[in-house]
Amino acid sequence: MMEAIFGTKQRGNIYTDKNMPKGYRRDYDLFYHGYDLEFKSSNFSKAPRTEDELSHMTQQAEKDIHYKQIGKANPYWHFLHNPEEDPKMIPILKMLDDAEIEWSYGEKNPFI
């Protein structure tokens, strides 16, 4: 679905920071219009996210905040479905908002 929305299969950038633990690698789904794009296809209205999913997304958001703060990444999250439908997603969305990391949702390209 990401290819249908954004029109490309191009893989995103990969960032590492030698000053951080080895697990602080961040792989993005797509580099698009100057953004390091994270694409989420979960349907939040069908079921709440599991604790593992939430933990994984929280770790991704923490890395995004770090790499944005040091000027390596320009993260942008795009959700296929509205993440606000799952109350468990609100803390992650707040993390993104507080760090001024933009996010959007839907089946249309948010950049056009």
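My aim in this report is to walk through the structure given alongside it, one point at a time. (Residues numbered from 1 in each chain as written. Predicted model: local features only at pLDDT ≥ 70, side-chain atom pairs only at ≥ 80, totals over all residues. Heavy atoms only, no water.)

Turning next to the sheet that holds strand β4 (residues 35-40). Strand order in the open sheet made by the four strands is β3-β4-β5-β6, with mixed pairing throughout. Since the sheet does not close on itself, it has two edges, and those belong to β3 (30-32) and β6 (102-105), each with one partner. This sheet shows a mean twist of 30° between the axes of neighbouring strands, independent of strand direction. With four bridges joining them, strand β5 (residues 75-79) and β6 adopt parallel strand pairing. (Pairing = 2+ DSSP bridges. Helix = DSSP H or I, 4+ residues; strand = E, 2+ residues; numbered from the N terminus. Axes fitted to C-alpha atoms, helices over the stretch in contact; angles between N-to-C directions.)

What follows deals with the packing of helix α2 (residues 51-69) against helix α3 (residues 90-98). Where α2 contacts α3, the two axes come as close as 10 Å, and the packing angle between them is 5°. Comparing the axis directions of α2 and α3 gives the class roughly parallel. For the pair α2 and α3, contact is made by Leu54, Met57, Thr58, Ala61, Glu62 and Ile65 and by Ile92, Met95 and Leu96, respectively. For the contact of α2 with α3, the class distribution of residues is seven nonpolar, one polar and one charged. (Parallel < 35°, antiparallel > 145°, perpendicular 65-115°, else oblique. Contact = heavy atoms within 4.5 Å. Nonpolar A, V, L, I, M, F, W, Y, C, P; charged D, E, K, R; others polar.)

Under the criterion given, the structure shown has twelve aromatic pairs. On the numbers, 5.1 Å between centres and 70° between planes, the contact of Phe6 with Tyr32 is edge-to-face. Of the two residues, Phe6 sits in helix α1 (residues 2-6) while Tyr32 sits in strand β3, which places them 26 residues apart along the sequence. Side by side, Phe6 and Tyr32 carry an identical accessibility label, which is buried. Ring centres of Tyr15 and Tyr28 lie 5.8 Å apart, and the angle between their planes is 75°; on these two criteria the pair is classed as edge-to-face. Taken as a pair, Tyr15 in strand β1 (residues 14-15) and Tyr28 in the loop between β2 (26-27) and β3 lie far apart in primary sequence, 13 residues in all. Note on Tyr28: relative accessible area 1%, which makes it buried. Members of the aromatic cluster, each reached through a chain of ring pairs, are Phe6, Tyr32, Tyr35, Tyr76 and Phe111. (Phe/Tyr/Trp six-rings, centres within 6.5 Å; stacked < 30°, edge-to-face > 60°. Buried < 20%, exposed > 50% of the residue type's maximum accessible area, 1.4 Å probe, protein only.)

On their own, these measurements won't tell you what the molecule is for.
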